Amino acid sequence: MARAENGYTLDSVRQALIRQEDTIVFGLIERSKFPLNFLTYDNNYLQSPGFCGSLIEFVVQHTETAQAKAGRYENPEENPFFPENLWPSLVPSYPFTKFLHSGAASININKSLWKMYFDDLLPMFVASGDDGNYAQTAASDLSLLQAISKRVHYGKFVAEVKFRETPQDYEPLIRAKDREGLMKLLTFKSVEEMVKKRVEKKATLFGQEMSLDSKEKQKFDPSVASRLYEKWVIPLTKEVQVDYLLRRLD
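1. Focus: the overall build of the chain
Helix and strand counts for the chain come out as 9 helices and 2 strands. Secondary structure of the chain in N-to-C order comes out as α-α-α-α-α-α-α-α-β-β-α. Taking 250 residues into account, the globule formula puts the C-alpha radius of gyration at 18 Å, and the chain, at 20 Å, falls close to it. Oriented by its inertia axes, the alpha-carbon framework of the chain measures out at about 55 × 50 × 35 Å. Expressed as a percentage of contacts within the chain between residues at least 6 apart in sequence, the contacts between residues at least 24 apart total 72%. Looking at the chain as shown, the accessible area adds up to about 13300 Å², and 54% of this sits on carbon and sulfur atoms. Computing the positive centroid from 33 side-chain charges and the negative centroid from 34, the chain places the two 3 Å apart.

Here it is in C-alpha cells:
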C-alpha cells in the first residue's frame, strides 16, 4: 500500500478499501458452501474442561490468542473480538507508522459486529441444515468476521485522512460534539451507491460456477454482498469514523 511519508493518503485508503471488498466477497462465498451447522454455535456442544462457550467462541478466542503471540494485533489495522483474552506478542515489534490519534485504540465495535453477523447476516444467505463440518464452518466464520471487522474499523484511517485534509471543516463540529453534523459531513450517497454496485458486481463475477461446455451458473446470490454493505458495513464504518473524530482533539 502506498503511503505518504507521514502516513496514509486518501488514495491509499481508497485502494485498501477496494481490496478489502474482494476479501469480504470471497469470505461470503466460502461461508455459503456450508449450511448453518447450528451446533457450531450451541453452548452445550463443545466439551472442553475450563472453557464455557460455543465452538465458534472457542475457535475465535484460541486463534486470536495464537495470532496475538505472533504479533497480529500490534498492527493498528487489526482489532480483536476478544481483546480481554489476548497474550502479549512474542515476536520483535515492528515500527508501524504512528498515524492515528491515541484515542483510536479505545474504538472497537466488534461486539456489535459479532451480534450482527450471527443474528442478521448468516440467516440472510446460509442454507439451513447440518453437514457435520463444524470446525470448518467456524474457521470460515472467523475469516469472514475478521475481514468485515478490518473493513469497518478502517474508518479510523479514513477519518484521520479526511481530518488532515480539511481540519477547518471538522474542528467546529468536534468541539460542539455534533455527531449528526459529522455524520452528514462524512456521507456521500453517490460514493456509497457506487460501492454497493461494485461489490455486487464482484460477487456476481466471483460467484459464478465456470463451465467449459455449458452456461455459467450462479453459486452465490450477489445481492447479499450489496445488502451487507448497505445495511451494516457502510453505516458502521461511518459510526467508527464519527467515534474517532469525537476523540481527535482530546
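2. Some thoughts on the pattern of salt bridges
Applying the stated criterion across every chain yields a total of 20 salt bridges. A salt bridge links Lys 150 to Glu 78; its shortest N-O distance comes to 3.7 Å. Of this pair, Lys 150 sits in helix H4 (residues 134-153) while Glu 78 sits in the loop between helix H2 (55-69) and helix H3 (110-125), placing them 72 residues apart in sequence. The exposure class assigned to Lys 150 is partly exposed, which follows from its relative accessible area of 25%. Glu 171 is the partner of Arg 175 in a salt bridge, and the nearest nitrogen-oxygen pair spans 4.0 Å. Here the residue Arg 175 and the residue Glu 171 both occupy positions in helix H6 (residues 167-175), the gap between them amounting to 4 residues, near one helical turn. A relative accessible area of 59% places Arg 175 in the exposed class. Salt bridges sharing common partners tie together Glu 21, Asp 22, Arg 198 and Lys 202.

3. Considering the packing of aromatic side chains
All told, the structure shown has 15 aromatic pairs when counted by the stated rule. Through a chain of ring-to-ring contacts, the aromatic side chains of Tyr 41, Phe 81, Phe 82, Trp 114, Tyr 117 and Phe 118 assemble into a single cluster.

4. Description of the environment of Thr 65
Locating Thr 65 in the fold gives a position in helix H2. Take Thr 65: its relative accessible area is 15%, and that puts it in the buried class. Taking C-alpha positions, Thr 65 is 5.1 Å from Leu 86, a pair spaced 21 residues apart along the chain. Excluding residues within four positions of it along the chain, Thr 65 makes contact with Asn 85, Leu 86 and Trp 87.

5. Brief notes about the nonpolar core
Formed by 68 residues in total, the largest nonpolar core has its most connected members in Leu 28, Leu 121, Phe 125, Ile 148 and Leu 245. Among the elements that make up this core, the one with the highest residue count is helix H9 (residues 223-247) (13 residues). What Leu 121 contacts, discounting residues up to four positions off in sequence, is Leu 28, Met 116, Ile 148, Leu 228 and Trp 232.

6. What to know about the side chain of Thr 137
On the secondary structure map, Thr 137 appears in helix H4. Overall, Thr 137 belongs to the buried group, its relative accessible area being 0%. Polar contacts involving the side chain of Thr 137 include one to the main-chain carbonyl oxygen of Asn 133, which spans 2.6 Å. Those residues in contact with Thr 137 that lie beyond four places of it in its chain are Arg 31, Phe 34, Leu 36, Asn 37, Thr 40 and Tyr 41.

7. What about helix H7 (residues 179-186)?
Here H7 has its buried residues at Gly 181, Leu 182, Met 183 and Leu 186. Buried-residue contacts for H7 involve helix H5 (155-165), H6 and H9. For H7, the capping residue at the N-terminal end is Asp 178, with a side-chain oxygen 3.4 Å from the backbone nitrogen of Glu 180.

What counts and what doesn't
Sequence order as written defines residue numbering, which begins from 1 separately in each chain. Totals for whole chains, interfaces and linings use all residues, but because this is a predicted model, local features are given only for residues with pLDDT of at least 70 and pairs of side-chain atoms are given and counted only at 80 or more. With hydrogens and water set aside, each side-chain value is computed from the structure's full complement of heavy atoms. Strands are runs of DSSP state E lasting at least 2 residues, helices are runs of H or I lasting at least 4, and numbering of each runs from the N terminus. Radius of gyration here is computed from C-alpha atoms only, and the compact-globule reference equals 2.2 Å multiplied by the residue count raised to the power 0.38. In this description, contact between two residues means that some pair of their heavy atoms is separated by no more than 4.5 Å. Note on areas: these come from Shrake-Rupley sampling with a 1.4 Å probe, and a residue is covered only by the protein chains present in the view. This count recognises Lys and Arg as positive and Asp and Glu as negative, with His and chain-terminal groups excluded. We put the charge of a Lys on NZ, of an Arg on CZ, of an Asp on CG and of a Glu on CD. The rule for a salt bridge is simple: a side-chain nitrogen of Lys or Arg has to be within 4 Å of a carboxyl oxygen of Asp or Glu. Any residue under 20% of the maximum accessible area for its type is buried, any over 50% is exposed, and the rest in between are partly exposed; the area is computed with a 1.4 Å probe on protein chains only. Pairs were defined over the aromatic rings of Phe, Tyr and Trp, the Trp ring being its six-membered one, requiring ring centres within 6.5 Å. Orientation was assigned from the angle between planes: stacked under 30 degrees, edge-to-face over 60, tilted for the rest. As used here, the term nonpolar core means buried Ala, Val, Leu, Ile, Met, Phe, Trp, Tyr and Cys residues forming a set that is joined through side-chain atoms within 4.5 Å. Residues adjacent in sequence count toward polar contacts only when both atoms are side-chain atoms; beyond that, a polar contact is any pair of N or O atoms within 3.5 Å, and within protein one must be able to donate a hydrogen and the other to accept it.

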